Amino acid sequence: MPQNVIVLVGRLLLSIMFLVSGFGKLADPAGTAGMITNAGWPAATALAYLAGLFETVAGLAVLVGFQTRIASYLLAAFCLVTAFVFHSGPINVPDFPELANGLLSMFNQIMMMKNITIAGAFLVLAGFGPGALSVDARVGKAVAA
């Protein structure tokens, strides 16, 4: 498969999670607002909507390859912040069995590692660019002409 097709598929795969998650936050921000509140941050509902808007817009930017480097750096930072703020500690739900809390803590650690890994993928995308099958490449050709 040609390299530019591989990069396009990579952008598609990276964008799916953010498009789905962002849309979900915009449609029903309550769960995200609850996590934000539990982390001790103010204005949880407003931040949930902002996160949803950011994920949707940045996910679309990566998908089509528009301002890809900027979107990728921002999404890498977003992934790292969410990893360390929301997924770095153990889970202890009162009145849950110890085994259940242990499983939730393990799942939370997996979510942290997933976010760190995705941040790395976005840094690679920022460093190497979106490939020829992108808005950025088409705009660059138009500007050069």
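Scroll up a little and you will see the structure.
Read on for a plain summary of the structure. Since we're looking at a predicted model, the values are computed, not measured. (Residues numbered from 1 in each chain as written. Predicted model: local features only at pLDDT ≥ 70, side-chain atom pairs only at ≥ 80, totals over all residues. Heavy atoms only, no water.)

1. Quick notes on the nonpolar core
Ranked by size, the top nonpolar core spans 13 residues in total, and within it Phe18, Val62, Leu75, Cys79, Ile118 and Phe122 carry the most contacts. Every element with two or more residues in this core is listed here: helix H1 (3-27), helix H3 (44-64), helix H4 (68-86) and helix H5 (98-128). Leave out the neighbours within four places in its chain, and Phe18 touches Glu55, Thr56, Gly59, Leu75, Phe78, Cys79, Ile118 and Phe122. One finds Ala33, Ile36, Ala48 and Phe86 within the second-largest nonpolar core, a separate group that totals 5 residues. (Core = buried A, V, L, I, M, F, W, Y, C linked by side-chain atoms within 4.5 Å. Buried < 20%, exposed > 50% of the residue type's maximum accessible area, 1.4 Å probe, protein only. Helix = DSSP H or I, 4+ residues; strand = E, 2+ residues; numbered from the N terminus. Contact = heavy atoms within 4.5 Å.)

2. So, the packing of helix H2 (residues 30-38) against H3
Direction vectors running N to C along H2 and H3 enclose 120°, while the axes themselves pass 8 Å from each other. On the basis of their axis angle, the class for H2 and H3 is oblique. In this structure, the crossing between H2 and H3 has a hand that is right-handed. Residues Thr32, Ala33, Ile36 and Thr37 of H2 touch H3, and the partners they reach there are Ala44, Thr45, Leu47 and Ala48. Here the residues of the contact of H2 with H3 sort into 5 nonpolar, 3 polar and no charged. (Axes fitted to C-alpha atoms, helices over the stretch in contact; angles between N-to-C directions. Parallel < 35°, antiparallel > 145°, perpendicular 65-115°, else oblique. Left-handed = near helix turned anticlockwise from the far one by under 90°. Nonpolar A, V, L, I, M, F, W, Y, C, P; charged D, E, K, R; others polar.)

3. Some points on H1
Look at H1: 36 Å from first C-alpha to last across 25 residues, which is about the 36 Å you get at 1.5 Å a residue. At Ser15, H1 shows its largest bend, some 30°. Buried-residue contacts for H1 involve H2, H3, H4 and H5. (Expected span 1.5 Å × (residues − 1). Bend = angle between axes of the 7 residues up to and from the residue.)

4. Section: the packing of H1 against H3
One can describe the packing of H1 onto H3 by two numbers: an axis separation of 7 Å at closest approach and a directional angle of 160°. Taken together, H1 and H3 sit at an angle that is classed as roughly antiparallel. For H1 against H3, the interelement crossing comes out left-handed. The residues of H3 that touch H1, namely those facing Leu8, Arg11, Leu12, Ser15, Phe18, Leu19, Ser21, Gly22, Phe23, Lys25 and Leu26, are Ala48, Tyr49, Ala51, Gly52, Leu53, Glu55, Thr56, Gly59, Leu60, Val62, Leu63 and Val64. Partitioned by chemical class, the residues of the contact of H1 with H3 number 14 nonpolar, 6 polar and 3 charged.

This is a description of form; function is not addressed.
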